[in-house]
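Read off the chains here:
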Amino acid sequence: RTLFAKETTLQCDLRLDWRNMYGTHTINVFGGWRYNNYSYSYNYMRGYNNENDKLPVMNKNMAYLNYGGTNDNWIDMTLYLDANYNYMNKYYLQGSVAAETSSRFGRETEGGIQFAGVSWGIFPSLQAGWLVSAEPFFNTDVVNVLKLRAGIDYSGNDNISNNAAFTYFENVQYSDRLMGVKMANIENQAIQWETTRRLNFGLDMQAFDNRLRISGDVFHNTTNNLLTLKELSYL
């Protein structure tokens, strides 16, 4: 038998970050470009009854000959922008937006936007916080820190096969020395991101001279365009 495999991974995250204070106002903005490129290829061949035990040679005359391989590639790209603001270290606001594209999806997606010949998913987020214990009316010796939080965000998932949106074939052995191909997947150019909307409310509290710390969250998630495998009926 013989086998050859090669794997290559390329990752890049280029970011610009800006921060400044204007009296009691603090602003931090950063954005960037993230790129991932993964490729994997291999091929193999195996058989029995070699003609020369001292000098093994792979050839088509071997018994029960079997060969195959794959050529896999995945590219993911994200443009993102994030902004953080707080006033007097009491009121906090964070907003972000990301535009993502992936080679795992087709070109006929219903969501997102079309740009540069590919589909982009748009995922915004907004979070707010209020440090109640910093207010003048908050006067208690029991609770030292009390912060309330709330927000909404959208996220995308592309955890599927790299070739899920395309038709492809795979080899199959159907005789002693003969190989054929069969359809392994049916094209679906409408496959797109699994999108989850998350609503969350939470609080952070420290009490009894910071000896007790409590943090709690309540959230509600809604997922659309769920990515899952399903067997089709033969009927």
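Shown above is the structure to which this text applies.
Here, residues in each chain are numbered from 1, in the same order as that chain's written sequence. In keeping with the model being predicted, local features are shown solely for residues with a pLDDT of at least 70 and side-chain atom pairs are shown and tallied solely at 80 or more, while totals for entire chains, interfaces and linings include all residues. Each side-chain value is worked out from all heavy atoms of the structure, with water and hydrogens disregarded.

**Comments concerning the overall build of the protein chain**
- Helix and strand assignments follow DSSP, with helices taken as H or I runs no shorter than four residues and strands as E runs no shorter than two, numbered in order from the N terminus. A tally of regular secondary structure across the protein chain gives zero helices and eleven strands.
- Taking 18 Å as the expected radius of gyration for a compact globule of 235 residues, we find that the protein chain reaches 28 Å, considerably beyond that expectation.
- Its C-alpha atoms give the protein chain principal-axis dimensions of about 90 × 45 × 40 Å.
- Type-normalised accessible area, obtained with a 1.4 Å probe on protein chains alone, sets the label of each residue: buried when under 20%, exposed when over 50%, and partly exposed for intermediate values. Every one of the 235 residues in the protein chain was classed for burial, and the buried ones make up 29%.
- Two residues qualify as a contact provided that any one of their heavy atoms is within 4.5 Å of a heavy atom in the partner residue. Put simply, 62% of the contacts in the protein chain that link residues at least 6 apart link residues at least 24 apart.
- Total accessible area on the protein chain is roughly 16400 Å²; 55% of this is exposed by carbon and sulfur atoms.
- Neither His nor the chain termini are counted; the positive set is Lys and Arg, and the negative set is Asp and Glu. The location of each charge is read from NZ of Lys, CZ of Arg, CG of Asp or CD of Glu. When the 20 basic and 23 acidic side-chain charges of the protein chain are each reduced to a single mean position, those positions are 4 Å apart. In this treatment the radius of gyration is a C-alpha quantity, and the globule benchmark scales as 2.2 Å times the residue count to the 0.38 power. What sets the accessible areas is the Shrake-Rupley method with a 1.4 Å probe; for residues, cover comes only from the shown protein chains.

**Overview of the side chain of Asp76**
- Along the chain, the position of Asp76 falls in strand β3 (residues 63-87).
- Arg34 is the oppositely charged side chain nearest to the buried, salt-bridge-free Asp76, at an N-O distance of 5.5 Å.
- Discounting residues that sit within four places of it in the chain, Asp76 has contacts with Arg34, Tyr35, Asn36, Thr101, Ser102 and Asp158. Salt bridges, as used here, are contacts in which a Lys or Arg side-chain nitrogen is within 4 Å of a carboxyl oxygen on Asp or Glu.

**Structural notes on the packing of aromatic side chains**
- Each pair of aromatic rings taken from Phe, Tyr and Trp, with Trp reduced to its six-membered ring, is defined by centres within 6.5 Å and is described as stacked if the planes are under 30 degrees apart, edge-to-face if over 60, and tilted in the remaining cases. The final tally for this structure, using the stated rule, is seven aromatic pairs.
- Centroid distance Tyr42 to Tyr44: 6.1 Å. Interplanar angle 20°. Geometry classified as stacked.
- Judged by centre distance (6.0 Å) and plane angle (10°), the rings of Tyr87 and Tyr91 are stacked.
- Stacked on the ring of Trp74, the Lys or Arg Arg104 has its end atom at 4.5 Å from the ring centre. For a ring to carry a charge above it, either NZ of a lysine or CZ of an arginine must fall within 6 Å of the ring centroid while also lying within 35 degrees of the normal to the ring plane.

**Regarding the pattern of salt bridges**
- Counted according to the given criterion, the structure contains six salt bridges.
- It is possible to trace a salt-bridge network through shared partners that takes in Arg149, Asp204 and Asp217.

**Concerning the pairing of strand β2 (residues 25-48)**
- Strands qualify as paired when DSSP identifies two bridges or more between them. Relative to β2, strand β1 (residues 2-22) is paired through 21 bridges, and the arrangement is antiparallel. Counterpart to Gln11 in the pairing with β2 is Asn36.
- Between the end of β1 and the start of β2, which pair antiparallel, lie two residues, with Gly23 showing a positive phi angle near 65°.
- In this structure, β2 lies alongside β3, joined through 23 bridges in antiparallel fashion. If you follow Trp33 over to β3, its bridge partner there is Leu79.

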